[in-house]
Amino acid sequence: MSDVLRTHMPLWPLIVGLAFGRAGLIVASYGSYTSTDEGIFTDGAMLAALAGLAVCLIALIASKATLSKRITNNLMRVCIVLEMLCLLALALLELFPDSQTVLRFTLSALCTFVSSGAIFYWLRRARGTGTTAAAILVFISLIISEVEIYLCSLMPIVVGNTTAAVLVLVQFPCMIWARKRTQPYALASPTQANDYFSFTKTMIQSKQFLAATAVGIGFLSIVIGFLRGYPTGEAIAFSPATRAAYALLTVGISLVVVILVLKGRQRVLTVGAFLVMELLACAALVAYAAFPDALDIGAVFTTTLNAFMVAFTWYIVIAFMSFGWRDPYYYAISGWLVWLGCRAVARVALLQVYGLSINDLLVCAVMGALVVVSTQVIFVQFLSIARRSAEEKEEQSQQRESKLAKIMGLDEHENLSSVRQASMEHNAEEMGRQFLLSEREIEVLSLYALGYTQKRVAEELFITQGTAHAHIKRIYAKTGLHSRQEILDYLQQHTS
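Conventions we followed
Residues numbered from 1 in each chain as written. Predicted model: local features only at pLDDT ≥ 70, side-chain atom pairs only at ≥ 80, totals over all residues. Heavy atoms only, no water. Helix = DSSP H or I, 4+ residues; strand = E, 2+ residues; numbered from the N terminus. Buried < 20%, exposed > 50% of the residue type's maximum accessible area, 1.4 Å probe, protein only. Contact = heavy atoms within 4.5 Å. Areas by Shrake-Rupley, 256 points an atom, 1.4 Å probe, with all protein chains shown as cover. 1 Å grid on protein atoms, 1.4 Å probe; cavity = no way out; pocket = protein on both sides within 12 Å on 5 of 7 lines; lining within 4 Å. Points joined across faces, edges and corners; volume = space filled by probe spheres on them. Nonpolar A, V, L, I, M, F, W, Y, C, P; charged D, E, K, R; others polar. Phe/Tyr/Trp six-rings, centres within 6.5 Å; stacked < 30°, edge-to-face > 60°. Lys NZ or Arg CZ within 6 Å of the ring centre and 35° of its normal. Patch = residues over 30% accessible without salt bridge, like charges linked within 9 Å, V, L, I, M, F, W, Y side chains within 5 Å. Salt bridge = Lys/Arg side-chain N within 4 Å of Asp/Glu carboxyl O. Lys, Arg positive; Asp, Glu negative; His and termini not counted. Charge placed at Lys NZ, Arg CZ, Asp CG, Glu CD. Axes fitted to C-alpha atoms, helices over the stretch in contact; angles between N-to-C directions. Parallel < 35°, antiparallel > 145°, perpendicular 65-115°, else oblique. Left-handed = near helix turned anticlockwise from the far one by under 90°.

Let's talk about the overall build of the protein chain
Inference 1: For the protein chain, the helix and strand inventory stands at 20 helices and zero strands.
Inference 2: Within the span of the protein chain, comprising 496 residues, buried residues form 51% of the whole.
Inference 3: By sequence separation, contacts in the protein chain at least 24 residues apart represent 83% of the contacts at least 6 residues apart.
Inference 4: Counting only carbon and sulfur atoms, one obtains 65% of the accessible surface of the protein chain, whose full area is about 21,500 Å².

What follows is the structure, given as structure tokens:
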């Protein structure tokens, strides 16, 4: 395990940057989680921020553009500065008790918008990596951010906001630090066969897979929205003991997930992750019912569930960024709209309609039903993926037999070009086994060795040109070769 941790040391700039970016958002708009949220200044502001992000998403879709490195870096710098200024402005507002609600709401919405942009930047830098690296990044970042948020919750609001503002600026040196380290896509990071990285690689084109993922997360997000304001929609205040309990529970679960991933446990971030979230939701419901006069006990499980969903959504966004053909911001914004949009709508709706004859028992029953539905949707999705994977393996086996027949000249109708392609694919698979290349890297290698340009490789595999370039760089890094000709020479000399 220590060797794996050393391998992933280059992730630290991303871990620190992502942690401080998220912490700034929570301190500013969520009151450092001294309660489950800050009511309209949290989910109301989130809806306003999501409206702005939706406009950005439409622009990306319409332009079909991929943002350049220069543009993303400049956007990140603007986001950092604005996040810092929003934190300082909200700190100043605390000095004026009669400050306008509209101004505070506007600042909270702006901070949510730009903080989301900063988070997207760090997730974007992690694209192309594997299961282990992504899990380490998102859950260690979550742990660090929770420590900062907890410490800020112990400070006066003005001091806490100012401290968070200073730490937000640490993202600037983290950007420089990240450029000097080995990039995430070049890390020799293990990727598990049964997780979202594997699913996304083979099913990114499947509308059924995308819809099932969105529906499963959406239903759970609605549950989280209701739980955070149970039962009336008002925020639930923590006591010092329950606030510490929430922080410890979140850090503990995150550490367990990281350890299990490092040990190579399968399905930790698929079935295992959803089981953890379902159990936390059920624990919150039971605690609310068992301790109606101490709702903060149930809020411990609710807020832990919310934090876990944050890291899990980051993880899925990185997977989609790595294998999707659109600009990475497209997948980040889409993920935000599904998970945070559903949560915010549920939270605001509960606040508005609870007084219209809705009772605690009905709210509890609705949440329980949503938990059951989300579970069914998610596990049916996984069963479908397992069945499809089995069919694809059978199809690949038949294709390998067909390729062998082509190589041996048993297909009299096969032309020389097809034979050469089949032979190159066969040799690329053998070279991939020698250098522990991933399946996608083997596919890229076979096309690249055939003389395809990076653009044509991207078109052939339905990925972005940047993703194709990242795969080729990883191939060079893993093999120690430095040009296409060296790859061809190696294939000729060292493969059968």
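Examining empty space enclosed by the protein
Inference 1: Counted under the stated rule, the structure contains one cavity of 30 Å³ or more.
Inference 2: Put simply, the largest cavity is a space of about 110 Å³.
Inference 3: Forming the boundary of the largest cavity are 14 residues, of which L25, I26, Y30, V310 and L340 lie nearest the centre.
Inference 4: Going through the elements one at a time, helix 2 (12-29), helix 13 (295-323) and helix 14 (328-353) are the ones with two or more residues in the lining of the largest cavity.
Inference 5: Per-element tally for the lining of the largest cavity: the top contributor is helix 14, with four residues.

Quick look at the environment of Q421
Inference 1: Along the chain, Q421 turns up in helix 16 (residues 416-435).
Inference 2: Between the alpha carbons of Q421 and A449 there is a distance of 9.6 Å; along the sequence they are 28 residues apart.

A short note on the layout of surface pockets
It is the rolling of a water-molecule-sized probe over the atoms that shows where space remains empty.
Inference 1: Here the second largest pocket is characterised by a volume of approximately 740 Å³.
Inference 2: Forming the walls of the second largest pocket are 30 residues, and the residues nearest its centre are K69, R124, R127, Y185 and G466.
Inference 3: When residues of the lining of the second largest pocket are traced back to their parent elements, those giving at least two are helix 4 (69-93), helix 5 (101-125), helix 13 and helix 19 (465-479).
Inference 4: Among the elements that make up the lining of the second largest pocket, the one with the highest residue count is helix 19 (eight residues).
Inference 5: Considering only residue class, the lining of the second largest pocket consists of seven nonpolar, 14 polar and nine charged.

Quick word on the packing of aromatic side chains
Inference 1: Tallied over the entire structure, the rule returns 13 aromatic pairs.
Inference 2: Aromatic pair F120 and W336: ring centres 5.0 Å apart, planes at 80°, arrangement edge-to-face. A residue pair is termed long-range when its members are at least 10 positions apart, and F120 in helix 5 and W336 in helix 14 qualify at 216 residues.
Inference 3: F120 sits in the buried class, given a relative accessible area of 2%.
Inference 4: Here F274 and F312 contribute two aromatic rings whose centre-to-centre distance is 5.1 Å and whose plane-to-plane angle is 80°, an arrangement assigned as edge-to-face. Separated by 38 residues along the polypeptide, F274 in helix 12 (residues 271-290) and F312 in helix 13 bring together distant segments of the chain.
Inference 5: Taken together through their ring pairs, the aromatic side chains of Y30, Y33, F238 and Y246 make up a single cluster.
Inference 6: In this structure, R104 is placed above the aromatic ring of F41, and the distance from its NZ or CZ to the ring centre is 4.0 Å.
Inference 7: It is R326 that lies over the ring of Y330; its NZ or CZ is 4.6 Å from the centre.

Quick word on a positive patch on the surface
Inference 1: A contiguous patch of positive charge on the surface is contributed by K69, R77, R179 and K473.
Inference 2: Along the polypeptide, K473 turns up in helix 19.

Describing the packing of helix 18 (residues 454-461) against helix 19
Inference 1: Here helix 18 crosses helix 19 at 110°, and the two axes come no closer than 8 Å. It follows that helix 18 is roughly perpendicular to helix 19 by the angle criterion. In this structure, helix 18 uses Q454, K455, V457 and A458 to contact helix 19, whose residues at the interface are Q465, A468, H469 and I472.
Inference 2: Partitioned by chemical class, the residues of the contact of helix 18 with helix 19 number four nonpolar, three polar and one charged.

What about the packing of helix 2 against helix 4?
Inference 1: Running from N to C, helix 2 and helix 4 point in directions that differ by 25°, and their axes come no closer than 10 Å. Taken together, helix 2 and helix 4 sit at an angle that is classed as roughly parallel. At the point where helix 2 passes helix 4, the crossing takes the left-handed sense. Across the interface between the two elements, F20, G21, G24, L25, V27 and A28 from helix 2 touch E83, L87 and L90 from helix 4.
Inference 2: Looking at side-chain class alone, the contact of helix 2 with helix 4 contains six nonpolar, two polar and one charged residues.

Examining a nonpolar patch on the surface
Inference 1: Taken together, the side chains of M9, W12 and W177 present a nonpolar region at the surface, about 280 Å² in accessible area.
Inference 2: Along the chain, W177 falls in helix 8 (residues 171-180).

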